[in-house]
Amino acid sequence: SVRTTKPELLKQKRRTQFSLYLAQLKFIGTDEEKTIRQYLQTSNADEDFINEIVGHLYKMQKDYGKAFLTHNRIEDLRQNPDPNIINSLMSNAEKENDQALLTQLYELEGTYFLRMNNFEEAAKWFAKVPPSYSITHYDYDYETEKYIPVEILPNEFNGYSKISPLIFSNGFKRLFSVPADSQLTDTMYEQYPYLNQEHDKATLTAALMQLEKESQMMTEESARAAYMLANYYYNISPTGYYRNIPTYFRDNSYCWSAYGSYGSAVSNRIPDYSKEYNYRDFTQEYMTINNMENALALYEQAATYFTDREWKARALFMASSCTMDLYAQNWWDNWNNILDPDFKRSDEEKKVDSYFYQLAKSYSDTQFFKQAVHECKYFDYYVKNEF
């Protein structure tokens, strides 16, 4: 009811009236969106407050896509591809026939299921993504407070394709940001045409489905499939060479929020924002899936059914690598004591010893055993002092 001609008071009156209007809203439809949009076109003084209220209302009416966009960019879904949000955005994009956005969302949905190891469902979504698809990477410019697109270098991951077949390989070294072929030297994958090619996520998923199918039988061939599937799981784990493939990162450099840190367990963690007021803090957590246990089970399966002694020895050694990595991820404080003969061995260390014992007892005549003693100082120590 204030009557005045003073511009500053008229402005404050309008802000107060709009805030009252917003606070009394129970639902946001087309008319309400138009009113809010018109207000924001003339004033952005209360934009943060408006986004708080609008985001919450959208979330309450299950319009998760619009709720998400009040505080985030679609690119933020790369770190936590929440299917509720993606499906909501997809529904809105279909109404607007936005094909470019739909392709981006199809890829995000496929990657969600790939990260969840649901290969059949992932394949359905990747089938909708053209092979030429490539995501745009952005860096945040703090001076302009804007996201700036950056060039993807030839040796960097473009988010969808140019995935090396070495993702099905392994080796002794565990160094990142160096050429993959210097770290991953096992070449079994070269015997399989559907593996020995540069992959995009669609062909990678198809290859994983085939390996999963072939690994089901208890034969030498199934042992090979289980072994290469184990290599994949090992390589995309938080300590694997290709750990950046699930998370869209350009390279495999360390990122504490995505990979965890030694001293804290790297367990499966899927953020749940369903009970939060809105999606304001969406970028604080990464969806983390640790596949090391999967790799371990498959290496053990391969070691059981391999008849080739060289490959059986290699599978046993890789099983020990998985167990050591799991131990390091969970109990880094004890890692420095692992070579102390007076230190009481944990169950994990005893398990490593059991693999080493089998290698030393039954496979010391293999070429792989000789290579392992030379390349792995811990194994060399075990053979000389414990066996």
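Refer to the preceding data block for the structure.
Just so we're clear, the structure is a prediction, and the values are computed from it rather than from any experiment. (Residues numbered from 1 in each chain as written. Predicted model: local features only at pLDDT ≥ 70, side-chain atom pairs only at ≥ 80, totals over all residues. Heavy atoms only, no water.)

Undergrad: Where do I start with the pairing of strand S2 (residues 146-150) in this structure?
TA: Along a regular strand, successive side chains alternate from one face of the sheet to the other. Bridge analysis of strand S1 (residues 137-141) against S2 gives five bridges, and the strand direction is antiparallel. Note that in S2 the partner of Asp141 across the bridge is Lys146. The turn linking S1 back onto S2 is made up of four residues, and Glu145 within it adopts a positive phi angle of 55°. (Pairing = 2+ DSSP bridges. Helix = DSSP H or I, 4+ residues; strand = E, 2+ residues; numbered from the N terminus.)

Undergrad: Explanation requested: unusual backbone geometry in the structure shown.
TA: Phi at Asn117 takes a positive value of approximately 65°, unusual for a residue other than glycine. Tracing the backbone through its elements, the reader meets Asn117 in the loop between helix H6 (99-115) and helix H7 (119-126). Unusually for a residue other than glycine, Glu145 sits at a positive phi of about 55°. With respect to the helices, strands and loops of the structure, Glu145 is situated in the loop between S1 and S2.

Undergrad: Honestly, the packing of aromatic side chains in this entry has me stumped. Any pointers?
TA: The description of two aromatic rings rests on the distance between their centres and on the angle between their planes. Taken as a whole and judged by the stated rule, the model has 31 aromatic pairs. For the ring pair Phe18 and Tyr21, a centre distance of 5.8 Å and an interplane angle of 40° mean the geometry is tilted. Taken together, the residues span about one helical turn, with Phe18 and Tyr21 both in helix H1 (residues 7-23) at a distance of three residues. Owing to a relative accessible area of 8%, Phe18 belongs among the buried residues under this scheme. Classification of Tyr21 as partly exposed rests on a relative accessible area of 27%. Ring plane angle 75° and centroid distance 6.0 Å describe the contact between Phe317 and Phe379, whose orientation is recorded as edge-to-face. (Phe/Tyr/Trp six-rings, centres within 6.5 Å; stacked < 30°, edge-to-face > 60°. Buried < 20%, exposed > 50% of the residue type's maximum accessible area, 1.4 Å probe, protein only.)

Undergrad: Would you explain the packing of H7 against helix H8 (residues 201-214) in this entry?
TA: Here H7 crosses H8 at 155°, and the two axes come no closer than 9 Å. As summarised for this structure, H7 and H8 are arranged roughly antiparallel, according to the angle between their axes. Helix-helix and strand crossings are classified by hand; for H7 and H8 the assignment is left-handed. On H8, the residues that touch Phe119, Glu120, Ala122, Ala123 and Phe126 of H7 are Lys201, Ala202, Thr205, Leu208, Met209 and Glu212. (Axes fitted to C-alpha atoms, helices over the stretch in contact; angles between N-to-C directions. Parallel < 35°, antiparallel > 145°, perpendicular 65-115°, else oblique. Left-handed = near helix turned anticlockwise from the far one by under 90°. Contact = heavy atoms within 4.5 Å.)

Undergrad: Can you walk me through the packing of H8 against helix H9 (residues 220-235) in this structure?
TA: Geometry of a packed helix pair, given as the angle between the helix axes and the separation of the axes. Between H8 and H9, the shortest axis-to-axis distance is 8 Å and the interhelical angle comes to 140°. Relative to H9, the element H8 is oriented oblique. H8 and H9 meet at a crossing whose hand is left-handed. Residues Leu204, Leu208, Leu211, Glu212 and Glu214 of H8 form the contact with H9, whose own contacting residues are Ser222, Ala225, Met228, Leu229, Tyr232 and Tyr233.

Undergrad: Before we go on, may I ask you to explain the pattern of salt bridges in this structure?
TA: A side chain with one charge may pair with a side chain of the opposite charge, provided their charged atoms come close. A complete count under the given rule lists 12 salt bridges for this structure. Notably, a salt bridge pairs Asp380 with Lys384, separated by 3.2 Å at the nearest N-O pair. With a gap of four residues between them, Asp380 and Lys384 both fall in helix H15 (residues 377-385), about one helical turn apart. Look at Asp380 and you get buried, because its relative accessible area is 14%. (Salt bridge = Lys/Arg side-chain N within 4 Å of Asp/Glu carboxyl O.)

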